[in-house]
Amino acid sequence: MGVLDLFITSSIPVLKVLLITALGTFLALDHVDVLREDARKHVNNVVFYVFSPALVASKLAETITFQSFLKLWFMPLNILITFIIGSALGWILVQLTKPAAHLRGLIVGCCAAGNLGNMFLIMIPAICKEQGSPFGAPEVCQSYGLAYVSLSMAIGAIYLWTYVYNIVRTSAAATIEETKKLYVGKSSREASAAELGSCTEPLLTSKDALDFQCQLPGNSSDGQMEGSRNKLKALLGNVNWKAIFAPSTIAAIVGFLIGVIPFIRRLMIGADAPLRVVQDTTSLIGEAAIPTLTLILGGNLLKGLQGSGMQKSIIFGIIVVRYVVLPSIGIFIVRGALHFGLIPPDPLYQFVLMLQFAVPPAMNIGVITQLFGAGESECSVIMLWAYSLGSFALTFWSVLFMWLVA
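Fair warning: this is a prediction, and the values are worked out from it, not measured in the lab. (Residues numbered from 1 in each chain as written. Predicted model: local features only at pLDDT ≥ 70, side-chain atom pairs only at ≥ 80, totals over all residues. Heavy atoms only, no water.)

A word on the overall build of the chain
Then comes step 1: Along its length, the chain carries 19 helices and zero strands.
Then comes step 2: Among the 406 residues that make up the chain, the fraction classed as buried is 50%.
Then comes step 3: Considering only contacts within the chain whose residues lie at least 6 apart along the sequence, 83% involve residues at least 24 apart.
Then comes step 4: Only carbon and sulfur atoms are counted for the fraction: they give 66% of the accessible area of the chain, which is about 19000 Å². (Helix = DSSP H or I, 4+ residues; strand = E, 2+ residues; numbered from the N terminus. Buried < 20%, exposed > 50% of the residue type's maximum accessible area, 1.4 Å probe, protein only. Contact = heavy atoms within 4.5 Å. Areas by Shrake-Rupley, 256 points an atom, 1.4 Å probe, with all protein chains shown as cover.)

Listed below in structure tokens is the structure:
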């Protein structure tokens, strides 16, 4: 497979993202007025509660079995390593650039979570079909490749909605708390109930997103009750299980159980399954997730292009982390795992594991920022630059990875 062919192959998923993003930006223009801000928020909720969970559950249930999970056990660990190292690098970037408080979670999330879904779904089958591919017969390559990609997408979604979702949520909550203290610090004559009641408005767009309200100080008994309530929350660890278990996380658990329990799998998965219509319907709904969230990203980009105030150093740092540092580390991790016998000597499997370190930031980060109203436009600007440079980065690393595994 030539370098030009590989460049075209790696460019296709990136160009698809950019084209849909451009359409979203066009629909958000004032004179078009189709994807205005309130429309984006409502559609984003549909993605969060319906499309993304359906996509994760259907892919995981269809792909995973108990035997395949035992065989591919290193992949969940490999993706976890990308999140851990990316988070550490993101934290260092935050310390160096000192961004606004509401952007800290976004920066760490973009460094930690890669696009483990639609990029692989397009790239791997295309590479398998090419003559001269180091991955064997095209039919066998595509069959195994789609299994690897589906598991990669599902595991990535679990980590994204369990970890990055809560990182951004915590970052937004901290910013709201700072705003609350700022208002409460004023005298009661200067701070009206209307001021305090609306202090969460810029950063809180979903009632279920954060369990927080800005309130005026009440009388002494109310204050004592509030203090007792806060102490109880602190004692219990302030665990918000509803926030931790996002819909996609719950869907991943359901999909995993369907896949690994033979009786349930026979009922729902396969051409002869009695309840296959449930799986087919879920899969059909899930296919709307990626194009819809990309349209929302494009709509948010319009605000970012009009002036997001995003530091160039932050964008540059995220690009360096995702396209230079992480892929370099990934080579040593995968080669080390092969050396110690942790993974089979399957070139395609090794290639997918390495590629998980080299992809652009996950598109669903845009959904998360939209939910909390914390950095939507900045996220769109980051995605624009990351995906614009993605073709060149993916081509370079794909060529190097193929050379290593061959």
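Some remarks on the nonpolar core
Then comes step 1: Residues Phe120, Ile124, Trp161 and Ile365 are the most contacted members of the largest nonpolar core, which totals 98 residues.
Then comes step 2: With 15 residues, the single largest contributor to this core is helix 7 (residues 138-184).
Then comes step 3: In this structure Phe120 touches Asn115, Pro125, Val149, Val352, Leu355, Gln356 and Val359, once residues within four positions along its chain are discounted. (Core = buried A, V, L, I, M, F, W, Y, C linked by side-chain atoms within 4.5 Å.)

Section: the packing of aromatic side chains
Then comes step 1: This model, assessed by the stated rule, comprises 13 aromatic pairs.
Then comes step 2: Both rings, one in Tyr144 and one in Tyr148, keep their centres 6.3 Å apart while their planes meet at 45°; by these two values the pair is tilted. Linking Tyr144 with Tyr148, this pair stays in helix 7, spanning four residues, or about one helical turn.
Then comes step 3: The exposure class of Tyr148 is buried, given its relative accessible area of 2%. (Phe/Tyr/Trp six-rings, centres within 6.5 Å; stacked < 30°, edge-to-face > 60°.)

Some words on the pattern of salt bridges
Then comes step 1: Under the definition given, this model contains two salt bridges.
Then comes step 2: Residue Arg36 is joined to Asp33 by a salt bridge in which the shortest nitrogen-to-oxygen separation is 2.3 Å.
Then comes step 3: Looking at Asp33, the relative accessible area reads 36%, which means it is partly exposed.
Then comes step 4: Ionic pairing is found between Glu37 and Lys41, a salt bridge with its closest N-O pair at 3.7 Å. Of the two residues, Glu37 and Lys41 both sit in helix 2 (residues 37-63), four residues apart, roughly one turn of that helix. (Salt bridge = Lys/Arg side-chain N within 4 Å of Asp/Glu carboxyl O.)

A look at the environment of Pro76
Then comes step 1: Along the chain, the position of Pro76 falls in helix 4 (residues 74-97).
Then comes step 2: Taking the C-alpha atoms as reference points, Pro76 and Ser152, 76 residues apart in sequence, are found 7.7 Å from one another.
Then comes step 3: Residue contacts for Pro76: discarding those within four places in its chain leaves Phe69, Ile155 and Tyr159.

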